Amino acid sequence: MTSPLSPSAAVRAASDLAATALGAVGPEQLTAPTPCGDYDVRALVDHLAWAALLSQRAATGMPLKHDGTSLRPAPFLDGVPVEQWAGAVPVELDTAADAWADPAAWEGETLLGTTPMPAGVVGPLMLAEFALHGWDLARAVGAGYDVPAELGEAVLAAVEPLASMGRDGGWYGPAVTVPADAPAFDRALGLTGRDPGWRA
């Protein structure tokens with residue numbers, strides 16, 4: 001059994017790992033399919049950028065401004081040249097990890113977008129978002145993705161209590177059966193509707 005990561009260290013590890021996947025994305029791969037059926041690589045990179053901003057705002061308790069009709073610009077990275085995405089999104093992930101390093105970020109309630117939620121729920125939800133979508137990107141572009149055991153356990157602990165609600169809400173696909181003795185990250189993938197053996 002590995003030593004568990006602290007919550008803030010888990011967010012940092014997840015954001016750093018997702019950044020490695022982003023760094024492997026080339027402009028010629030933007031239309032490639034990903035394990036997330038609704039997203040190609042371009043859309044998934046854009047989604048990660050948006051998730052990083054949501055995470056930053058949740059950690060600091062700063063509400064998002066919006067026009068009253070659509071909270072999320074679509075696409076979020078409009079105006080950023082494609083060749084700059086690999087540099088732009090990891091910076092946002094790093095800022096999110098820095099925000100969650102403050103112990104106060106984990107206390108009380110915060111906002112995920114416009115939805116009030118306990119900060120202690122949002123933090124794990126966002127670290128799972130980073131780690132899982134980083135894996136999606138790495139698989140889509142054929143890059144390596146080495147998930148440390150302790151991070152895998154943190155991701156599994158984050159998704160287990162939310163998996164059923166995630167499937168009901170459409171965030172996760174139908175569960176994929178994964179052996180009970182598989183690594184924790186593989187089990188987290190299965191719970192969120194991902195096949196650990198997926199290849200483009």
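Up top is the structure.
Residues numbered from 1 in each chain as written. Predicted model: local features only at pLDDT ≥ 70, side-chain atom pairs only at ≥ 80, totals over all residues. Heavy atoms only, no water.

K.L.:
Explanation requested: the overall build of the chain in the structure shown.
P.N.:
Within the chain, the regular secondary structure consists of seven helices and two strands. Each helix and strand of the chain, placed in order from N terminus to C terminus, yields the pattern α-α-α-β-β-α-α-α-α. A globule of 200 residues ought to have a C-alpha radius of gyration of about 16 Å, and the chain, at 16 Å, matches this closely. Seen along its three principal axes, the alpha-carbon backbone of the chain occupies a region of about 45 × 40 × 30 Å. (Helix = DSSP H or I, 4+ residues; strand = E, 2+ residues; numbered from the N terminus. Rg over C-alpha atoms; globule rule 2.2 N^0.38 Å.)

K.L.:
Just checking my understanding: could you explain the nonpolar core for this structure?
P.N.:
One recurring pattern in soluble globular proteins: nonpolar side chains tend to sit buried together. Ranked by internal contacts, the top residues of the largest apolar core, which has 63 residues, are Val-41, Phe-130, Leu-137, Tyr-145, Val-155 and Phe-185. Contributing elements (two or more residues each) for this core: α1 (7–23), α2 (41–60), α3 (85–100), α4 (119–141), α5 (149–159) and α7 (184–191). With 13 residues, α4 is the largest single contributor of residues to this core. When neighbours within four sequence positions are excluded, Val-155 is seen to be in contact with Leu-127, Ala-128, Ala-131, Leu-132, Phe-185 and Ala-188. (Core = buried A, V, L, I, M, F, W, Y, C linked by side-chain atoms within 4.5 Å. Buried < 20%, exposed > 50% of the residue type's maximum accessible area, 1.4 Å probe, protein only. Contact = heavy atoms within 4.5 Å.)

K.L.:
Help me out: how do you make sense of α2 in this one?
P.N.:
Structural remark: α-helix, 3.6 residues per turn; residues separated by three or four positions point the same way. The first and last C-alpha atoms of α2 sit 29 Å apart over 20 residues, in line with the 28 Å expected at 1.5 Å per residue. For α2, the tally of buried residues reaches 16 of 20 residues, placing the bulk of the element in the interior. (Expected span 1.5 Å × (residues − 1).)

K.L.:
Looking at this structure, I do not really get the pattern of salt bridges. What am I missing?
P.N.:
Side chains that differ in charge, positive against negative, can pair when their charged atoms come close. For the structure shown, the criterion picks out four salt bridges. The partner of Asp-94 in a salt bridge is Arg-12, with the nearest N and O atoms 2.4 Å apart. Within this pair, whereas Asp-94 is found in helix α3, its partner Arg-12 is found in helix α1, the two being separated by 82 residues in sequence. Residue Asp-94 is classed as partly exposed on the basis of its relative accessible area, which comes to 34%. With relative accessibility at 23%, the residue Arg-12 sits in the partly exposed group. Residue Asp-136 pairs with Arg-194 through a salt bridge whose shortest N-O separation is 2.8 Å. (Salt bridge = Lys/Arg side-chain N within 4 Å of Asp/Glu carboxyl O.)

K.L.:
Even after reading the chapter, I still don't get the packing of aromatic side chains, so can you show me in this structure?
P.N.:
Any pair of aromatic rings gets described here by the distance separating the centres and the angle formed by the planes. Tallied over the full model, the rule gives three aromatic pairs. Their ring planes at 55 degrees and their centres at 4.8 Å tell us that Trp-100 and Trp-106 sit as a pair that is tilted. For the pair formed by Trp-100 and Trp-106, the shared burial category is buried. Judged by centre distance (6.4 Å) and plane angle (45 degrees), the ring pair of Tyr-145 and Phe-185 falls under tilted. (Phe/Tyr/Trp six-rings, centres within 6.5 Å; stacked < 30°, edge-to-face > 60°.)

K.L.:
Teacher, can you tell me more about the environment of Ser-6 here?
P.N.:
Note on placement: Ser-6 falls in the segment before α1. C-alpha separation for the pair Ser-6 and Ala-101, spaced 95 residues apart in sequence, amounts to 9.9 Å.

K.L.:
It is not clear to me how the pairing of strand β1 (residues 109–112) should be interpreted in this structure. Could you clarify?
P.N.:
Strand residues, when the strand is regular, have side chains that alternate between the two faces of the sheet. Here β1 shows a clear split, with Thr-110 and Leu-112 buried on one side and none of Glu-109 and Leu-111 buried on the other. Two strands pair when backbone bridges link them, and β1 and strand β2 (residues 115–118) are joined in this way by four bridges, in the antiparallel orientation. Along β2, the bridge assignment pairs Glu-109 with Pro-118. Between the end of β1 and the start of β2, which pair antiparallel, lie two residues, with Gly-113 showing a positive phi angle near 75 degrees. (Pairing = 2+ DSSP bridges.)

Keep in mind that these numbers describe shape and distance, not what the molecule does.
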